[in-house]
Amino acid sequence: MQNSPTIAAIATAPGRGGVGVVRLSGKNLLSLAQTLSGGKTPKPRIALYTDFLNEQGQPIDNGLMLYFAAPASFTGEDVIELQGHGGPVVMNMLLQRCLALGARLAEPGEFTKRAFLNNKLDLAQAESVVDLIDASSQSAARMALRSLKGQFSDLIHELVEQLINLRMLVEATLDFPEEEIDFLEAADARGKLVNVRKKLEAVLAQATQGAILREGMNVVLVGAPNVGKSSLLNALAGDEVAIVTDIAGTTRDTVREQITLDGVPVHIIDTAGLRDTDDVVEKIGIERSHKALQDADVALVLIDPREGLNEKTRAILESIPVELKKIEIHNKIDLLEGEPEVLRDEQALAFSASGAPVLIRLSAKKSLGLDLLKQELLSRVGWQGESEGLFLARTRHLLALQEAQTELENAAVNGYHNIELLAEHLRLAQMALNEITGEFSADDLLGVIFSRFCIGK
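Residues numbered from 1 in each chain as written. Predicted model: local features only at pLDDT ≥ 70, side-chain atom pairs only at ≥ 80, totals over all residues. Heavy atoms only, no water.

Q: I'm lost on the packing of aromatic side chains in this one. Help?
A: Pairs of aromatic rings are described using the distance from one ring centre to the other and the angle between the two planes. Across all of its chains, the model carries one aromatic pair by this definition. Taken together, a centroid distance of 4.3 Å and an interplanar angle of 15° make the contact between Phe-152 and Phe-391 stacked. Residue Phe-152 is found in helix α6 (residues 151-172), and its partner Phe-391 is found in the loop between α13 (370-381) and α14 (395-414); the two are separated by 239 residues along the sequence. You'll find Phe-152 and Phe-391 in the same group, each marked buried. Directly above the aromatic system of Phe-111 lies the positively charged group of Arg-23, at a separation of 5.7 Å from the ring centroid. Its end group placed over the ring of Phe-351, Arg-361 keeps NZ or CZ at 4.9 Å from the ring centre. (Phe/Tyr/Trp six-rings, centres within 6.5 Å; stacked < 30°, edge-to-face > 60°. Helix = DSSP H or I, 4+ residues; strand = E, 2+ residues; numbered from the N terminus. Buried < 20%, exposed > 50% of the residue type's maximum accessible area, 1.4 Å probe, protein only. Lys NZ or Arg CZ within 6 Å of the ring centre and 35° of its normal.)

Quick look at the structure:
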């Protein structure tokens, strides 16, 4: 980056702590470091214990100054980290002193953005920085670290390299149309296209699993009042997060709780019982319930097996989006002396009121059958379990991989009928893959990605 100004930010979380860090990045920061420390010159990568001085030469704080000389730093520029006492007042005084010395306040994600622009990280690695910070499970943290270390990027680079070699073969024939097919056959262009498609399919499968672990799933509990939705939420959460009574309409708003199943974050939403009501507050809760259904991945339709498909339940089923995956739950089996079980397909449909292909009989109150439900939720979202080699991925990565897959499918269908069109499909596939690592990225895409980072990172 040419003529980039020095930026500064508090890099540690807001609030009190034993240690706080102010981070700076820019060009030629040694003079700034000397001014802050009263003339001391820090050596690269060696901690300097010093006072941090204000304009009058009085100490603001004392602590460690770390200097990382360009290009051997996170951003590729000179980087200074001031490690002082982690009180918010002290940290802000130290930050203001840095700003007075010519730095400006960093924008969200600007340190990582500079690392990307200075080729210290590619875009997929840069995104994994915030994924590692935001990881909600140990599995997510491990997979984010794999992405940060370049495992995902390496797979993309391998695919791009194969595509480049294939494009070179195809485009080399454009100047010799009379020999193009013989040349491509001799170079086994078809075989190379088959290989790159297989490789892409495998990467897409891995990325899909990584996206499940990153994004998790949204599960909505729906049903008539007093069928045990709140009891099921409490049982899954292992805590009394929702009020449970025998009074219909107890839950008058959506109640949200996150649990982790096999490392996958599951966002469970207990909705207000869907029914006609004159209660103004309950009406608002019911409206929010319908909104939650629109954003859900799976709906758990709770039915009291003693009542079956009554008028209230029928009205609820009609309000559920047709395309939404459903699991029917027959709760309160403890009152019927039944055993927990899972019914599928034709067997489930024989007893189902909702038309769901899966029906689970359980007791939320007695915590019977919860493991069956948890396993089914993971199955419905497509989670196959963590394995070596998986990496965290985002929705935009999946879309880019799918776009590349479509272009390669088109290339395979085209074959050698139109060499110019074959070359264009291969070019578009490569461009889609390059969007993942940022070798081809629109400026507005970069703005959206880095705006989601925290300041100081």
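Moving on from the model shown.
Q: Where do I start with unusual backbone geometry in this structure?
A: A cis amide bond links Ala-70 to the next residue, Pro-71, at an omega of 0°. Relative to the helices and strands, Pro-71 resides in the loop between β4 (59-68) and β5 (78-86). With phi around 55°, Asp-262 is a residue other than glycine that occupies positive phi space. Mapped onto the fold, Asp-262 is located in the loop between β8 (255-261) and β9 (264-270). Residue Asp-262 is classed as partly exposed on the basis of its relative accessible area of 47%. Positive phi values are uncommon outside glycine, yet Asp-345 reaches one of about 50°. Considering the arrangement of structural elements, one finds Asp-345 in helix α12 (residues 345-351).

Q: How do you make sense of the sheet that holds strand β12 (residues 341-344) when you look at a structure like this?
A: Each strand in a sheet pairs with another by means of backbone hydrogen bonds, the pair being arranged parallel or else antiparallel. The strand order across the open sheet built from seven strands is β8-β9-β7-β10-β11-β13-β12, with neighbouring strands paired in mixed fashion. Each edge of the sheet is formed by a strand with only one pairing partner; in this case those strands are β8 and β12. In this sheet, adjacent strand axes meet at a mean angle of 25° when their direction is disregarded. Pairing analysis gives three bridges linking strand β11 (residues 325-330) to strand β13 (residues 358-361), with the strands arranged parallel. When the sheet's bridge partners are listed, Glu-328 is paired in β13 with Leu-359. Sitting on the sheet, helix α8 (residues 189-215) touches β7 (217-223) and β9, and the angle it makes with β9 is about 50°. Against the sheet, α13 contacts β7, β8, β9, β10 (298-303), β11, β12 and β13, and its axis sits at roughly 170° relative to β11. (Pairing = 2+ DSSP bridges. Axes fitted to C-alpha atoms, helices over the stretch in contact; angles between N-to-C directions. Contact = heavy atoms within 4.5 Å.)

Everything listed is a geometric property; what it means functionally is a separate question.
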